[in-house]
Amino acid sequence: MHQEHLSEGTPVQPPREPAGGVPLPRGSGENGRGNCPSTEVEGVVANPGRTSSKPGEGQADKRTVQGPVFFVSLGFHLSGTVTEPATASEPAMTYKVAISFDRCKITSVTCGCGNKDIFYCAHVVALSLYRIRKPDQVKLRLPISETLFQMNRDQLQKFIQYLITAHHTEVLPTAQKLADEILSSNSEINQVNGAPDPTAGASIDDENCWHLDEEQVKEQVKLFLSQGGYYGSGKQLNSMFAKVREMLRMRDSNGARMLTLITEQFMADPRLTLWRQQGTSMTDKCRQLWDELGALWVCIILNPHCKLEEKSCWLQQLQKWSDLDVCPLEDGNYGHELPNITNALPQNANHNSDSLSRPRRTVFTRAIEGRELHWQDSHLQRIINSDKYTAPVCQRESDRLLFNSQGQPLWLEHVPTACARVDALRSHGYPKEALRLTVAIINTLRLQQQRQLEIYKHQKKELLQRGTTTITNLEGWVGHPLDPIGCLFLTLTEACRLNDDDMNESRLPMYQHVPVAAGCSNSNESYLSLALEVALMGMGQQRVMPEGLYAQDKVCRNEEQLLSQLQELQLDYELVQTLRKQCILLLEGGPFSGLGEVIHRESVPMHTFAKYLFSALLPHDPDLSYKLALRAMRLPVLENSASAGDTSHPHHMVSVVPSRYPRWFTLGHLESQQCELASTMLTAAKGDTLRLRTILEAIQKHIHSSSLIFKLAQDAFKIATPTDSSTDSTLLNVALELGLQVMRMTLSTLNWRRREMVRWLVTCATEVGVRALVSILQSWYTLFTPTEATSIVAATAVSHTTILRLSLDYPQREELASCARTLALQCAMKDPQSCALSALTLCEKDHIAFEAAYQIAIDAAAGGMTHSQLFTIARYMELRGYPLRAFKLASLAMSHLNLAYNQDTHPAINDVLWACALSHSLGKNELAALIPLVVKSVHCATVLSDILRRCTVTAPGLAGIPGRRSSGKLMSTDKAPLRQLLDATINAYINTTHSRLTHISPRHYGEFIEFLSKARETFLLPQDGHLQFAQFIDNLKQIYKGKKKLMLLVRERFG
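Keep in mind it's a predicted model, so treat the numbers as computed, not measured.

Details of the overall build of the protein
- Within the protein, the secondary structure is distributed over 42 helices and eight strands.
- A buried classification covers 49% of the 1055 residues belonging to the protein.
- Accessible surface, the protein: about 51,600 Å² in total, of which carbon and sulfur atoms supply 52%.

This is the structure we're talking about:
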């Protein structure tokens, strides 16, 4: 037997090659079915598509196979053994590999490594590459049946016996079984002429295709779907979709097979039933995978060289899937009203029909509608097959619509449908044809744009007077299920992309200008400039916001995706000219442009798009960039008043026709993008007074969220006050004005950031200067609540830190202080409960103002002020050296207090004790005046006994009030005013005792005995106190004699 050996160090190419690839060139073998070596075969086996993201491919060239590789090439079968070198953790391993070929395709593979994947293992790749690269070292042999035919009987017997001997443990049972069947005349094996030969290959009439392990495809898709929301699973499924696209591009018949297998597993996903039963939406990531699945089926159906029987089979399967209840709808949970793939956009008045009456559209509906599309149109064929197709010299009237004024062909078809054709051509490996059709579509869009501009010029005066329009596109190209703009952009940029052998994903792609070949009248026009132009036209299209959360979110995501691709383009002179021209057209485009002067109320905002345009244009045409960005600042759905029948709040997003337009679910995102656009303009306009004023006006007019305006104010403040350079006063004033607007917007509404906003505004005003501080102090009532004005604004304005920061002279300090005192008195009058104390603090240095503030507090005391507020002011007055005023306020506070018998931990107890101590220190008269108030307000025995004890410890009148003298004598509890307090305390103990005994439990007996001990201390203060207490105990024994255990404890302690 012929043996070949692979020398050590033979490189092994990527270990996980796709089980499917391009059709290989026909070999030189018998009937053109040989497995001859080919560089194209090597490309398929060794270089996976650039869309593949299987791990390890980038390091494949570093791997080597060492040791002998044994090859046998029999007919259309290649066998061999591949030895994998030992590693630090694993010994060397040898694997048996078998590969079958048919017409330059690998039709089946087996390997002893047990690889469970849809990609070829490293050992299959090694064997294939060795056969391709070293054909002279692998001798071709006839199929084994031909060799056996040449043997005589003795040779055949020797061959069989040697074969059985070499593998007797493996084949002996099979050999005996076959021998028995051959010797039996009635066996099935003897009913068939000849015998099978695995090395002979298939008949030339048989179908042949690349090997695809269908079970593995199913298992892997099922596994990835079961992992749900994990990032890796979605990435793997997208990788499989990319592989399908690669297979389609290589015109590999396995592409449709693999997509069918994937779709079957998607339809069998148990989550579909669960989501339907629970009435919940699928996750966004899952939704995006379904979208890609639907788009791939559109490509399959639109294959320009698809056989009719194949197309019919696919359509039947798609219809079967689409009819299932669990099949996801095209736009999430909402019915779809957009036109189907074969119709142009309708402009009728019936677009607000109820969603329940609309046809059910699933993710497969557009692919099914593709059955009506064909490629036989002669005009279409000429467009895609020739770069030189132009209008004939003598045109028929019917042909005039097929060409523009320069003679370039147009393709007048529903735009997303036309773009689906481009995607199909590109996906099936017809890049030149796709480019030609793309150019025709763009020429058509240009002509439409020109005609729309002419229509607007005739209607401009009327539309500007109305200020709104009913003209719009119900079907937007951005966020469309077929992604028409993205398709055209990719088709054009792929033609301009420079080859990058390194394939560094982190590096931006490089593009070059490639002249347009298809009937171009402008020799300077390139596919790259067309890509930029069509992206700008698509994103600048004025269209109505679609209904449903998913559809609206998809608009945002698709726009961001297109913009990220645009940002990869390096804007040279030609691209800048294209950008300028298209921006001017968008600004002049009227209601057909999202940047036109008049747009529909429900029009999708242009903020994100305009931010890109502004940044891209700014270095080249500042005036145009600012004009465009300022135009884009509007958000009509919040600005224009709703119709007469719509009485809802504008932020609820119920629009002109409630049945047609639901809520704007992405409104928060849209408003944040509006804010980002404004912030970008503010940053760029630093130092330009006129532009900053214009931007400020636009912000104040168009932004309706206080939190976003506050963010803009903060951004402007940061930009205006850099740490390493001087302050920009103009921008700083813009920040202040925005801050003032925020204050006015949030003054009467609840906002959890309000306190932060107020503090920031004071900081900003301080940075602007003393005049700004004076201004906000004088107009406080339009900006702040009384509490904010006194406790934050005025207090900060007159603080020592502010005076040092602004380096204020004496007149300026006095002016600020005067304004702060005026503010304080006004706030105290308006809200004395919250502001009286702050007003007193701010007016300390001015006697007249201080007296006025004190009088306001006294006047308010009889009204709505609480005992806590009054006690706080009273303590402040004592601290400032006004004990008599403090006593007056404390007396007023006491009259507002009510302390129950069981409130011995009440927070006001400390205030009561302080008030009694204050009155005691002032003298006997003040104490006599306060005690009746205490007796009336406090019913807690322990608190009263504490007050009584404190009053008997020291003599009254020790505060040192001028004109008063203390007697120096301790006060007796038998005389007024303490006698009244003593009686009240004893009564409180008696009442509390009865109250506690009503619901006492045994575990509280010990605590109750201690309470009686404290009561006895109070009872014993008067001369006859021991008699009163004894009588009290006797009464308890008589009344509560049923509580025997408790009364036993009372007798033990008190007799």
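Additional details are given in the paragraphs that follow.
Comments concerning the side chain of T992
- Note that T992 resides in helix α39 (residues 978-998).
- Aside from chain neighbours lying at most four places away, what touches T992 is Y901, A941 and F1011.

Re the packing of aromatic side chains
- Tallying each qualifying case throughout the model produces 16 aromatic pairs.
- Pairwise contacts between aromatic rings join F241, F266, W290, W297, W321 and F364 into one cluster.
- For R251, the ring lying beneath its charged end belongs to Y430, and the centroid distance is 4.0 Å.
- When the ring centre of W752 is taken as reference, the NZ or CZ atom of R753 above it lies at 5.9 Å.

Some details on the environment of I990
- Within the secondary structure, I990 is located in helix α39.
- According to the relative accessible area criterion, I990 is partly exposed, its value standing at 23%.
- As for I990 and A1015, which are separated by 25 residues in sequence, their C-alpha atoms are 8.5 Å apart.
- When neighbours within four sequence positions are excluded, I990 is seen to be in contact with F1019 and F1032.

A short note on unusual backbone geometry
- One non-glycine residue, R251, adopts positive backbone phi at about 60 degrees.
- Position of R251 relative to the elements: it lies in the loop between α7 (231-249) and α8 (254-267).
- A positive phi angle is found at S807, which is not glycine, with a value near 50 degrees.
- The exposed category is assigned to S807, whose relative accessible area is 60%.

Quick notes on the pattern of salt bridges
- A full pass over the atoms with the stated rule returns 41 salt bridges.
- Its salt-bridge partner being E494, residue R426 comes within 3.0 Å of it at the nearest N-O pair. With R426 in helix α14 (residues 415-427) and E494 in helix α16 (residues 484-494), this residue pair connects regions lying 68 residues apart in the sequence.
- With a relative accessible area of 18%, R426 lands in the buried category.
- Between R601 and E602 there is a salt bridge, with its nearest N and O atoms 3.3 Å apart. The two residues R601 and E602 agree in class, both being buried.
- Here the salt bridges do not stand alone but share partners, grouping R245, E292, D423, R426 and E494 into one network.

Description of a nonpolar patch on the surface
- A surface patch of nonpolar side chains, about 250 Å² in accessible area, is lined by F159, I160 and L163.
- Relative to the helices and strands, L163 resides in helix α4 (residues 153-166).
- We classify L163 as partly exposed; its relative accessible area is 43%.

A word on the packing of α16 against helix α17 (residues 527-539)
- Where α16 contacts α17, the two axes come as close as 8 Å, and the packing angle between them is 170 degrees. Regarding the angle of α16 to α17, the classification is roughly antiparallel. In contact with I485, L488, F489, L492 and T493 of α16, α17 contributes Y527, L528, L530, A531, L532, V534, A535 and G538.
- For the contact of α16 with α17, the residue count by class is 11 nonpolar, two polar and no charged.

Considering the nonpolar core
- Membership of the largest hydrophobic core comes to 246 residues, with the highest contact counts inside it found for I262, F266, W290, W297, F364, L566 and F784.
- Formed by 17 residues, the second largest nonpolar core is a distinct cluster that contains V97, V124, V138 and W210.

Considering the packing of helix α36 (residues 909-922) against helix α38 (residues 941-953)
- Where α36 contacts α38, the two axes come as close as 10 Å, and the packing angle between them is 25 degrees. Considering their axes alone, α36 and α38 lie roughly parallel with respect to each other. In this structure, the crossing between α36 and α38 has a hand that is right-handed. Across the interface between the two elements, I909, V912, L913, C916 and H920 of α36 pack against V943, D946, I947, R950 and C951 of α38.

What to know about the confidence of the model for the protein
- On average, the protein scores 82 in pLDDT, and the residues at 70 or more come to 84%.
- In this model, residues 342-356 is a region of pLDDT below 50 whose contacts with residues beyond four sequence positions or in other chains number 22 contacts.
- Of the regions scoring below 50 in pLDDT, residues 641-662 engages in 39 contacts with residues more than four places distant in sequence or in other chains.

Thoughts on helix α20 (residues 607-617)
- Of all 11 residues in α20, nine are buried; the element is thus mostly enclosed.
- Taken together, the buried positions of α20 are H607, T608, F609, A610, Y612, L613, F614, A616 and L617.
- Buried positions along α20 lie against α17, α18 (549-566), α19 (573-588), α21 (622-632) and α23 (667-684).

Quick word on helix α15 (residues 431-466)
- Roughly 65 degrees is the biggest bend found in α15, and it falls at Q459.
- Just downstream of α15 lies G467, where phi reads positive at about 80 degrees.

Observations regarding the pairing of strand β7 (residues 106-111)
- In terms of strand pairing, strand β6 (residues 93-101) meets β7 through five bridges, oriented antiparallel. Residue pairing in the sheet places S100 in a bridge with S108 of β7.
- Taking the residues between adjacent antiparallel strands as the criterion, β6 and β7 are bridged by four residues, where R103 takes a positive phi near 50 degrees.

Comments concerning the environment of H702
- Looking at where H702 falls in the secondary structure, it is placed in helix α24 (residues 689-702).
- Taking the C-alpha atoms as reference points, H702 and Q674, 28 residues apart in sequence, are found 8.9 Å from one another.
- The contact partners of H702, leaving out residues within four places of it in the chain, are M633, R634, E639 and Q674.

Considerations on the side chain of Q674
- You can see Q674 is positioned in helix α23.
- Dropping the residues within four chain positions of it, Q674 is found in contact with H607, M633, R634, L635, H702 and I703.

Calculation rules
Residues numbered from 1 in each chain as written. Predicted model: local features only at pLDDT ≥ 70, side-chain atom pairs only at ≥ 80, totals over all residues. Heavy atoms only, no water. Helix = DSSP H or I, 4+ residues; strand = E, 2+ residues; numbered from the N terminus. Buried < 20%, exposed > 50% of the residue type's maximum accessible area, 1.4 Å probe, protein only. Areas by Shrake-Rupley, 256 points an atom, 1.4 Å probe, with all protein chains shown as cover. Contact = heavy atoms within 4.5 Å. Phe/Tyr/Trp six-rings, centres within 6.5 Å; stacked < 30°, edge-to-face > 60°. Lys NZ or Arg CZ within 6 Å of the ring centre and 35° of its normal. Salt bridge = Lys/Arg side-chain N within 4 Å of Asp/Glu carboxyl O. Patch = residues over 30% accessible without salt bridge, like charges linked within 9 Å, V, L, I, M, F, W, Y side chains within 5 Å. Axes fitted to C-alpha atoms, helices over the stretch in contact; angles between N-to-C directions. Parallel < 35°, antiparallel > 145°, perpendicular 65-115°, else oblique. Nonpolar A, V, L, I, M, F, W, Y, C, P; charged D, E, K, R; others polar. Core = buried A, V, L, I, M, F, W, Y, C linked by side-chain atoms within 4.5 Å. Left-handed = near helix turned anticlockwise from the far one by under 90°. pLDDT = per-residue confidence, 0-100. Bend = angle between axes of the 7 residues up to and from the residue. Pairing = 2+ DSSP bridges.

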